[in-house]
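# Understanding the architecture of this molecule
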Amino acid sequence: MTLDRSLSVSRGDLLVFLCAVAFALHIVAVARYTPGDDPVALTFVQILVVSGGSLLLSLVAEPPPALGSPPLWGALIATALLGTSLAFLVQNAVQRFTSPTYTALIFASEPVFAALFAWWWAAEILTTRGWIGAALVVAGMAVTELGSAERQGKADPSP
């Protein structure tokens, strides 16, 4: 969906793919190694480690922003508190009650909800390519769901 006319894969495409792999590994690791852990403590450690690593990487990769900038603090609050900390806390709290497959399905639905929110909030319009991409995301989730249910013999999805 993101290939241009030259059929080349861009750096951004590669980064998105690597991010998807990292999310998948994270979901499997949380399911495997932390089912009995305190979700608040787990989330705190996760956010602390990622924040420290991101800070170090950002100092190398980007010039520091103006810390007094209100848009910066608004973006930090929205992404750090809501988009990251709250999302990880909810995932850590509820993933122990469901399978990694269902957790991955919820994560996979994020682009669909992002498109709906962009349409509602910013009046964005999907192009034909965007509609095809959205259909592929939904179809991929359905195929995964159906395949998982068949492999499990339609068993209870909880671990």
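Residues numbered from 1 in each chain as written. Predicted model: local features only at pLDDT ≥ 70, side-chain atom pairs only at ≥ 80, totals over all residues. Heavy atoms only, no water.

### Some points on the overall build of the protein chain
What the protein chain contains, in helices and strands, is six helices and zero strands. In the protein chain, the succession of helices and strands from N to C terminus is α-α-α-α-α-α. Burial status across the protein chain gives 14% buried among its 159 residues. Excluding contacts between residues fewer than 6 apart, the proportion of contacts in the protein chain whose partners are at least 24 apart in sequence is 81%. Total accessible area computed for the protein chain in this model is approximately 11900 Å², and 75% of it derives from carbon and sulfur atoms. (Helix = DSSP H or I, 4+ residues; strand = E, 2+ residues; numbered from the N terminus. Buried < 20%, exposed > 50% of the residue type's maximum accessible area, 1.4 Å probe, protein only. Contact = heavy atoms within 4.5 Å. Areas by Shrake-Rupley, 256 points an atom, 1.4 Å probe, with all protein chains shown as cover.)

### Looking at the packing of aromatic side chains
Under the counting rule described, the total for this entry stands at three aromatic pairs. With a centroid separation of 5.6 Å and an interplanar angle of 50°, the aromatic rings of F117 and W120 are classed as tilted. Here the residue F117 and the residue W120 both occupy positions in helix α5 (residues 110-122), the gap between them amounting to three residues, near one helical turn. On the basis of relative accessibility, which here comes to 47%, the residue F117 falls in the partly exposed class. Using a relative accessible area of 57% as the deciding quantity, one classes W120 as exposed. Measuring from ring centre to ring centre gives 5.8 Å for W120 and W121, while their planes differ by 55°; the resulting arrangement is tilted. (Phe/Tyr/Trp six-rings, centres within 6.5 Å; stacked < 30°, edge-to-face > 60°.)

### What about a nonpolar patch on the surface?
Taken together, L67, W73, L76, I77, L81, L82, L86, V90, V94 and F97 make up a surface patch of nonpolar side chains, about 1000 Å² in accessible area. Within the element layout of this structure, L82 appears in helix α3 (residues 70-94). The class of L82 is exposed, set by a relative accessible area of 55%. (Patch = residues over 30% accessible without salt bridge, like charges linked within 9 Å, V, L, I, M, F, W, Y side chains within 5 Å. Salt bridge = Lys/Arg side-chain N within 4 Å of Asp/Glu carboxyl O.)

### A few points about the confidence of the model for the protein chain
The predicted structure's coordinates, where accompanied by low pLDDT, should not be read in detail. Put simply, the protein chain has an average pLDDT of 80, and 87% of its residues get 70 or more. By mean pLDDT, helix α6 (residues 128-151) is the weakest element of the protein chain at 75, and helix α2 (residues 39-61) is the strongest at 89. (pLDDT = per-residue confidence, 0-100.)

### Section: helix α1 (residues 11-33)
Here α1 spans 32 Å end to end across 23 residues, near enough to the 33 Å set by a 1.5 Å rise per residue. Along α1, the residues that are buried comprise D13, I27 and V30. Along its buried surface, α1 packs onto α2, α3 and α4 (100-108). (Expected span 1.5 Å × (residues − 1).)

### Remarks on the side chain of T43
The residue T43 is located in helix α2 in this model. With sequence-adjacent residues up to four places away left out, T43 is seen in contact with S85, F88, L89 and N92.

### A short note on the packing of α1 against α3
Where α1 meets α3, the axes come as close as 10 Å, and the angle between the chain directions of the two elements is 45°. By the angle between their directions, the pair α1 and α3 is classed as oblique. You can see that α1 and α3 cross each other, and the crossing is right-handed. Mapping the contact onto sequence places H26, I27 and V30 in α1 and F88, Q91 and N92 in α3. (Axes fitted to C-alpha atoms, helices over the stretch in contact; angles between N-to-C directions. Parallel < 35°, antiparallel > 145°, perpendicular 65-115°, else oblique. Left-handed = near helix turned anticlockwise from the far one by under 90°.)

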